[in-house]
Amino acid sequence: MKTRFIGQNEINDITLAAAGEILRDGGLVVFPTETVYGLGANALDESAAAKIYSAKGRPSDNPLIVHIASPEDADKYAIVGDEYRRLAKAFMPGPLTVIMTKRGCVPFGVTGGLDSVGIRCPENKIARALISAAGVPVAAPSANISGKPSPTAAEHVKDDLDGKVDMIIDGGECTFGLESTIVKIEDGKITLLRPGAITLDMLEALFDKVEVAEAVTDKLPENARPLSPGMKYRHYAPTAPLWLIGGSDEKRIAYFSAADSDTLLLVFDEEKSLFHNHNVITIGAKADASSQAKRLFAALREADGTAAKKILAPLPKKSGISLALYNRMIRAAAHNIIEL
Ligand code: TXA
Ligand code: MG
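Rules used throughout
Residues numbered from 1 in each chain as written. Chains lettered and ligands numbered in written order. Predicted model: local features only at pLDDT ≥ 70, side-chain atom pairs only at ≥ 80, totals over all residues. Heavy atoms only, no water. Near = heavy atom within 4 Å. Polar contact = N/O pair within 3.5 Å; in protein donor to acceptor, adjacent residues only side chain to side chain. Helix = DSSP H or I, 4+ residues; strand = E, 2+ residues; numbered from the N terminus. Nonpolar A, V, L, I, M, F, W, Y, C, P; charged D, E, K, R; others polar. Salt bridge = Lys/Arg side-chain N within 4 Å of Asp/Glu carboxyl O. Buried < 20%, exposed > 50% of the residue type's maximum accessible area, 1.4 Å probe, protein only. Core = buried A, V, L, I, M, F, W, Y, C linked by side-chain atoms within 4.5 Å. Contact = heavy atoms within 4.5 Å. Pairing = 2+ DSSP bridges. Expected span 1.5 Å × (residues − 1). Arc of directions from axis to C-beta. Phe/Tyr/Trp six-rings, centres within 6.5 Å; stacked < 30°, edge-to-face > 60°. pLDDT = per-residue confidence, 0-100. Axes fitted to C-alpha atoms, helices over the stretch in contact; angles between N-to-C directions.

What follows concerns the site of ligand 1. Around ligand 1 lies a shell of 25 residues, among which Thr 35, Arg 58, Asn 62, His 67 and Ser 180 are the nearest. A distance of 3.0 Å separates a nitrogen atom of ligand 1 from a polar side-chain atom of Ser 116. One of the side-chain nitrogen or oxygen atoms of Ser 142 is found 3.0 Å away from an oxygen atom of ligand 1. Looking at the shell around ligand 1, the elements that each hand over two or more residues are β4 (65–67) and β6 (116–120). When residues of the shell around ligand 1 are assigned to their parent elements, the largest contribution, three residues, is made by β6. Classifying every residue of the shell around ligand 1 gives 12 nonpolar, nine polar and four charged.

See below:
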């Protein structure tokens with residue numbers, strides 16, 4: 001298949017109408033969002049959704065998020081209650097996915113056979129204009145080959161999906177860089193399934209109680225069934241084994257300094273000058289978790305382009321936006337953590 005590429009200066013009503021038509025006709029369009037790029041198909045068309053799974057090499061029991069152009073549209077695809085309305089008022093459009101009981105129009109081929117569906121109204125204007133142009137809700141996972149880091153730039157998408165999708169829309173670098181926060185609403189209970197830019201503190205400001213799924217921070221026992229099927233799959237794994245190093249900065253820097261030439265160090269921007277004689281990739285400013293979120297997946301892709309046999313990175317904290325970094329990095333590291 002020849003993939004049509006729409007550059008940043010080619011995005012207009014005409015190209016978005018063409019993209020919408022591809023989606024209505026059952027094709028695949030990659031589009032930017034504020035979190036990561038999405039690989040979209042008509043969410044009401046089971047055979048279109050099936051193409052997403054084959055393009056990504058994604059296991060069929062891993063459900064897709066359904067993207068809508070306006071928070072009010074959720075009611076057409078899910079049974080919405082007061083909790084959804086509060087979340088929507090506070091955080092939508094934005095980097096939040098809400099899981100609720102699905103309506104009959106959403107095929108099981110989109111929800112991985114589950115009775116629930118994840119609904120997300122992205123903040124990115126190109127994404128919403130595309131969904132409006134399509135006139136149908138858009139099922140979209142991150143636009144990477146399964147197991148690779150999510151794409152935060154159109155170049156990453158090209159590397160993974162050129163020739164496998166009908167169109168790629170280049171919206172530049174994603175503003176946040178990690179996937180949306182996922183919250184499940186069930187019988188009035190609120191559970192955080194995946195941390196993101198909408199932080200646990202922000203959710204706790206809205207509800208008396210927010211549970212945190214075990215898989216957010218901990219390794220699940222073998223054979224456990226996570227609340228979110230995606231959490232059981234190995235994710236974002238670089239080819240060389242990654243180790244996360246916890247403890248004081250002083251101890252970590254000393255540990256990094258002793259690394260050999262086969263080891264790649266992921267270091268904060270300010271630390272680069274300390275490691276002239278080492279292989280390093282920078283991962284954002286130390287005191288700025290947002291800049292680290294924006295860099296993480298690109299850094300992991302860069303790491304794969306090196307000959308490193310081992311990668312070391314700082315262990316993120318478990319608070320605020322860093323919780324999202326922690327959640328992604330423990331997966332990338334297959335839970336290899338060294339506390340100094
Ligand atoms: O920021 C994002 O959410 C991006 C952009 C493109 O919107 N999308 C994204 O999709 O990250 P994906 O498929 O890579 O991750 C979706 C996660 C998976 O772990 C999946 O298992 C979980 O959401 N999920 C989706 N629907 C679910 C449901 N009904 N119940 C439980 N988990 C669900
Ligand atoms: Mg993904």
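The rest of the description comes next.
In the structure shown here, the tally under the stated rule is 14 salt bridges. Linking Glu 179 and Arg 328 is a salt bridge whose minimum nitrogen-to-oxygen distance equals 2.8 Å. Of this pair, Glu 179 sits in the loop between β8 (167–169) and β9 (181–186) while Arg 328 sits in helix α10 (residues 322–332), and the two are 149 residues apart along the sequence. Put simply, Glu 271 and Arg 252 hold a salt bridge, and the shortest N to O gap is 2.8 Å. Remark: Arg 252 occurs in helix α8 (residues 249–257) and Glu 271 occurs in the loop between β13 (263–267) and β14 (279–282); sequence separation between them is 19 residues. Each of the two residues, Glu 271 as well as Arg 252, counts as buried. Connected through shared salt-bridge partners, Asp 249, Arg 252, Glu 271 and Lys 286 make up one network.

Attention now goes to the nonpolar core. Counting 56 residues, the largest nonpolar core has Val 30, Leu 39, Tyr 84, Leu 87 and Ile 119 as the members making the most contacts within it. For Leu 87, the contacting residues outside a window of four places in its chain are Met 92, Leu 96, Val 98, Val 183, Ile 185, Leu 203, Leu 206 and Phe 207. One finds Val 36, Ala 197, Ala 240 and Leu 242 within the second-largest nonpolar core, a separate group that totals 31 residues.

Looking now at the pairing of strand β5 (residues 96–101). Burial within β5 is extensive, with five of its six residues counted as buried. Here four bridges tie β5 to β9, and the two strands are oriented parallel to one another. Looking at the pairing, Leu 96 lines up with Thr 181 of β9. The pairing of β5 with β6 spans five bridges and is antiparallel. Across the sheet, residue Val 98 finds its bridge partner in β6, namely Ile 119.

Between its first and last C-alpha, helix α1 (residues 13–24) extends 16 Å over 12 residues, near the 16 Å set by a 1.5 Å rise per residue. By the burial criterion, the buried members of α1 are Thr 15, Leu 16, Ala 19, Gly 20 and Leu 23. Seen from one end, α1 has its buried residues packed into an arc of 145°, which puts them on one side. Those residues of α1 that are buried lie in contact with β1 (4–6), β2 (29–31), β3 (38–42), α5 (125–134), β7 (138–139) and β8. The backbone nitrogen of Ile 14 lies 2.9 Å from a side-chain oxygen of the residue at the head of α1, namely Asn 12. Looking at the residues trailing α1, positive phi occurs at Gly 26, about 90°.

Cis peptide bonds are those with omega within 30 degrees of zero, and the linkage from Met 92 to Pro 93 qualifies with -5°. Within the secondary structure, Pro 93 sits in the loop between α4 (82–91) and β5. Unlike most non-glycine residues, Asp 187 shows phi in positive territory, near 50°. When you line up the elements, Asp 187 lands in the loop between β9 and β10 (189–194). Phi angles above zero are rare outside glycine, and Ala 334 is one such case at about 50°. Its location among the elements puts Ala 334 in the loop between α10 and β16 (337–339). Under the relative-accessibility criterion, Ala 334 is labelled partly exposed at 35%.

Evaluated as defined, the whole model comprises one aromatic pair. Seen in terms of ring centroids, Phe 256 and Phe 275 are 6.1 Å apart; in terms of plane orientation they differ by 55°. Their pairing is tilted. Of this pair, Phe 256 sits in helix α8 while Phe 275 sits in the loop between β13 and β14, and the two are 19 residues apart along the sequence. Summarising the burial analysis for this pair, Phe 256 and Phe 275 share the class buried.

Another aspect to go through is the confidence of the model for the chain. When the pLDDT values of the chain are averaged, the result is 96; 99% of them are 70 or greater. β2 holds the highest mean pLDDT among the elements of the chain, 99, whereas α10 holds the lowest, 96.

Moving on, we get to the sheet that holds β14. Strand order in the open sheet made by the five strands is β14-β13-β15-β12-β16, with parallel pairing throughout. Looking along the sheet, the strands with just one partner apiece sit at the ends: β14 and β16. Here the strands of the sheet are splayed against their neighbours by 25° on average, with no regard to which way each runs. As defined by bridge partners, β13 adjoins β14 across four bridges and the pair is classed as parallel.

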